[in-house]
Amino acid sequence: QEPIFDSTVPVAPIQEPRLKEEPKIRVGLSAPKDGNIQIVSYMDDYRILDGATVMGVLEKTHLAKIRFDENTGIYSFKGSGVTFETNQYIRLEPVNDPHAVFEIMNLDRKVSWVRTGSFHQYSGVAEMRRGEVDKELYVVNELFFEDYISGIAETSEQAPIEMIKANLVAARTYAYVAKNKYPFFDVLPSTYDQLYLGYRSEEVHANLVSAGKATRGMMVGYVSPEAGVGG
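Residues numbered from 1 in each chain as written. Predicted model: local features only at pLDDT ≥ 70, side-chain atom pairs only at ≥ 80, totals over all residues. Heavy atoms only, no water.

Some details on the pattern of salt bridges
Rules: Any Lys or Arg side-chain nitrogen found within 4 Å of a carboxyl oxygen on Asp or Glu counts as a salt bridge. By the criteria applied, helices consist of DSSP H or I runs no shorter than four residues and strands consist of E runs no shorter than two, each listed in order from the N terminus. Relative accessibility under 20% of the residue-type maximum defines a buried residue, over 50% an exposed one, and the middle range a partly exposed one, all with a 1.4 Å probe and only protein chains included.
Inspection of the entire model under this criterion finds 15 salt bridges. Residue Arg216 is joined to Glu22 by a salt bridge in which the shortest nitrogen-to-oxygen separation is 2.9 Å. Of this pair, Arg216 sits in the segment after α3 (206-214) while Glu22 sits in the segment before β1 (24-30), and the two are 194 residues apart along the sequence. On the accessibility criterion, Glu22 (26% relative accessible area) is partly exposed. One salt bridge in this structure joins Arg172 and Glu146, with 3.0 Å as the shortest N-O distance. Note that Arg172 is positioned in helix α2 (residues 161-177) and Glu146 in helix α1 (residues 145-150), a separation of 26 residues in sequence.

Quick look at the sheet that holds strand β2 (residues 36-40)
Rules: Two strands are counted as paired when DSSP detects at least two bridges linking them. Structural elements are reduced to axes, namely lines fitted to C-alpha atoms, with helices fitted over the stretch in contact, and the angle between N-to-C directions of any two is expressed from 0 to 180 degrees.
Spatial strand order, β7-β6-β5-β2-β9-β12: six strands in an open sheet with antiparallel pairing. Strands with a single pairing partner mark the edges of an open sheet, and in this sheet they are β7 (82-86) and β12 (121-123). The sheet shows a mean angle of 20° between the axes of neighbouring strands, taken without regard to direction. Of the pairings in the sheet, the one linking strand β5 (residues 64-69) to strand β6 (residues 74-79) comprises five bridges and is antiparallel in character. Across the sheet, the residue bridging to Asp69 is Ile74, located in β6.

Details of the side chain of Ser118
Test applied: In the analysis that follows, any N or O atom pair within 3.5 Å is treated as a polar contact, provided that within protein one partner can donate a hydrogen and the other can accept it, and provided that, for residues neighboring in sequence, both atoms belong to side chains. Here a residue-residue contact requires only that any non-hydrogen atoms of the pair lie within 4.5 Å.
You can see Ser118 is positioned in strand β11 (residues 115-118). From its side chain, Ser118 meets the backbone oxygen of Leu107 in a polar contact 2.9 Å long. Setting aside its immediate chain neighbours within four residues, Ser118 contacts Leu107, Asp108, Arg109, Lys110 and Arg200.

Pasting the structure below:
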């Protein structure tokens, strides 16, 4: 039940977010179990990196095939005329639009209570890395915080809008506190951290996207009364 507020109490104006720049977050998506990853973007060209070394450009609409061999620890890449092998991670970065969306064509990630089909579209960077602890293969999705928030699916689309706003402020706060939680990414995309379904989630969560824009940059903090600034 939605609360009823006393309209006679003045409401302080919302302050602008205090961070000078929008931070990024790294989400550890589980890669297909066979170690083969197929990625394409229909929005932008993607820069191909062997670790920090630029190897070429994956052109828009071109398919990239990336494979990790567990026996040798070698990654291999093939796409847009670029072919190489490496013992470092492979990274794909948008060339022009940092919000560009890529698709992991062979990722079968289904969450039936949200929508049918597979959630395999994500915004920003894709980075293929083997886990340092669990030795599992991950596609690390590195993206801006607000793009991440738009892909959160923790709340029902039918929930009161003010509840969705409060939930997203909490989700943004959790994400910020979780920075560097794991060896090379910040959060998992499951409810172990927060359910993140990426770009396709926005198609069925219009209210969530609106609530994210309305609370852009807002997080919860605490200042001790002993600091002389208030509690």
